[in-house]
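# Architecture and fold: a report
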Amino acid sequence: MSFLSLENVTISFGGIRAVKNVSLDIKEGEIFALVGPNGAGKSTIFNLISRLYKQNEGNIFFDGKSLNHLKPFDMPDIGIARTFQNIELFGNATVLQNLLVGTNVRKSSNFLSEILFTRSVRKEEVTSRVMVEEVMDFLDLQQYREKYIMGLSYGTRKIVELGRALALKPKVLLLDEPASGLSAEETADLAFWIEDIKKIMGITVLMVEHNLNLVNKVADRVAALVDGEIISVGNPKSVQSDPKVIEAYIGV
């Protein structure tokens with residue numbers, strides 16, 4: 001059954017159609033990867049799903065409900081979290097503080113109750129702390145908990161951003177080029193975590209990725225895009241051996 005779906009989605013920028021009549025069905029509990037050259041429309045699809053962009057045509061559905069009327073700030077509430085190609089963290093804050101930011105959208109307290117530090121606020125604070133500790137344990141980040149983001153390596157910052165997304169307790173996790181800039185060892189760790197995000201946390205994963213070794217290792221299904229259009233969908237092996245994909249990527 002489709003969990004996240006795009007139906008004939010199209011978006012144009014200045015007369016250029018960045019995504020053309022794209023239809024996708026991502027099943028609950030699977031790892032789905034979007035692959036393609038730069039400019040193929042992969043990140044644009046992410047921005048459409050997370051409502052940073054609004055499509056010109058078509059519909060997007062999540063868990064049986066349309067996303068068309070929603071705004072980016074609505075996404076955490078319905079269970080969609082994402083990471084970005086360019087790391088978006090608070091450099092002057094610690095790892096712990098950055099992860100706690102990810103839990104704030106789940107809080108129901110208001111300004112007055114925060115000032116008074118009411119029982120409900122204390123309860124929410126404990127819940128947030130427990131969730132963040134679980135994420136740090138899961139991603140082996142405990143050793144960095146009190147370190148400032150600006151002093152960490154690029155690879156560690158990428159993992160912290162992943163952790164902040166997980167702290168939202170999403171149903172669907174959008175990973176935009178998660179292996180970009182990582183070493184071979186860091187990428188191997190990332191593959192392990194992505195598989196456990198699916199198996200242990202039960203989170204559906206949709207990712208954009210250029211590293212085909214990572215895609216082959218973790219993805220259940222793959223969609224190949226060229227010039228804003230999907231040319232092949234299937235398991236990683238079948239997509240990479242598809243004559244249309246070979247022609248588009250390598251040439252005849």
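Preceding block: the structure.
What comes next concerns the included structure.

Rules used throughout
Residues numbered from 1 in each chain as written. Predicted model: local features only at pLDDT ≥ 70, side-chain atom pairs only at ≥ 80, totals over all residues. Heavy atoms only, no water. Core = buried A, V, L, I, M, F, W, Y, C linked by side-chain atoms within 4.5 Å. Buried < 20%, exposed > 50% of the residue type's maximum accessible area, 1.4 Å probe, protein only. Contact = heavy atoms within 4.5 Å. Helix = DSSP H or I, 4+ residues; strand = E, 2+ residues; numbered from the N terminus. Axes fitted to C-alpha atoms, helices over the stretch in contact; angles between N-to-C directions. Parallel < 35°, antiparallel > 145°, perpendicular 65-115°, else oblique. Nonpolar A, V, L, I, M, F, W, Y, C, P; charged D, E, K, R; others polar. Pairing = 2+ DSSP bridges. Patch = residues over 30% accessible without salt bridge, like charges linked within 9 Å, V, L, I, M, F, W, Y side chains within 5 Å. Areas by Shrake-Rupley, 256 points an atom, 1.4 Å probe, with all protein chains shown as cover. Salt bridge = Lys/Arg side-chain N within 4 Å of Asp/Glu carboxyl O. Phe/Tyr/Trp six-rings, centres within 6.5 Å; stacked < 30°, edge-to-face > 60°.

Looking now at the nonpolar core. Counting 44 residues, the largest nonpolar core has Leu 139, Leu 166 and Leu 173 as the members making the most contacts within it. Look past the residues within four positions of Leu 139 in its chain and what remains in contact with it is Ile 159, Leu 162, Gly 163, Leu 166 and Trp 193. In this structure, Ile 60, Leu 70, Val 208 and Ala 223 belong to the second largest nonpolar core, which totals 29 residues.

Let's shift gears to the environment of Leu 96. With respect to the secondary-structure elements, Leu 96 resides in helix H3 (residues 95-101). Taking the relative accessible area as the measure of exposure, Leu 96 reaches 7% and is therefore buried. Between the C-alpha atom of Leu 96 and that of Leu 141, which follows or precedes it by 45 residues, the distance is 9.2 Å. Those residues within four positions of Leu 96 in sequence are excluded, and the remaining contacts are Arg 129, Val 132, Glu 133, Met 136, Arg 145 and Glu 146.

This part takes up the packing of helix H6 (residues 154-166) against helix H7 (residues 184-199). Contact geometry of H6 with H7 gives a least axis separation of 11 Å together with a crossing angle of 10°. Put simply, H6 runs roughly parallel to H7. Packed against H6, whose contacting residues are Gly 155, Ile 159, Leu 162 and Leu 166, the element H7 presents Glu 186, Leu 190, Trp 193 and Ile 197 at the interface. Among the residues making up the contact of H6 with H7, the classes are represented as six nonpolar, one polar and one charged.

Once that is clear, we can look at the environment of Val 19. One can find Val 19 in strand S2 (residues 16-27). With 37 residues separating them along the chain, Val 19 and Asn 56 place their C-alpha atoms 9.8 Å apart. What Val 19 contacts, discounting residues up to four positions off in sequence, is Val 9, Thr 10, Ile 11, Gly 41, Thr 44, Ile 45, Leu 48 and Gly 228.

Let us look at the pairing of strand S10 (residues 229-234). Within a regular strand, the side chains alternate between the two sheet faces. Here five bridges tie strand S9 (residues 221-226) to S10, and the two strands are oriented antiparallel to one another. Across the sheet, the residue bridging to Leu 225 is Ile 230, located in S10. Linking S9 to S10, which pair antiparallel, is a turn of two residues; within it Asp 227 sits at a positive phi near 50°.

A cluster of nonpolar side chains, Phe 13, Leu 52 and Tyr 53, forms an exposed patch at the surface whose accessible area comes to about 260 Å². Considering the arrangement of structural elements, one finds Leu 52 in the loop between helix H1 (42-49) and strand S4 (57-62). Its relative accessible area of 45% is what places Leu 52 among the partly exposed residues.

Applying the stated criterion across every chain yields a total of two aromatic pairs. Ring geometry for Phe 3 against Phe 62: centres 5.0 Å apart, planes inclined by 70°, an arrangement best described as edge-to-face. Note that Phe 3 is positioned in strand S1 (residues 2-13) and Phe 62 in strand S4, a separation of 59 residues in sequence. Ring centres of Phe 13 and Tyr 53 lie 5.2 Å apart, and the angle between their planes is 65°; on these two criteria the pair is classed as edge-to-face. Placement of the pair is Phe 13 in strand S1 and Tyr 53 in the loop between H1 and S4, with a sequence separation of 40 residues.

Adjacent strands of a sheet pair through backbone hydrogen bonds, lying either parallel or antiparallel. Taken in spatial order, the four strands line up as S2-S1-S4-S5 in an open sheet, and their pairing is antiparallel. One side of each edge strand has no neighbouring strand; the edge strands of this open sheet are S2 and strand S5 (65-66). Both S1 and S2 contribute to a ladder of eight bridges, which runs antiparallel. Counted as the bridge partner of Ile 11 is Val 19 from S2.

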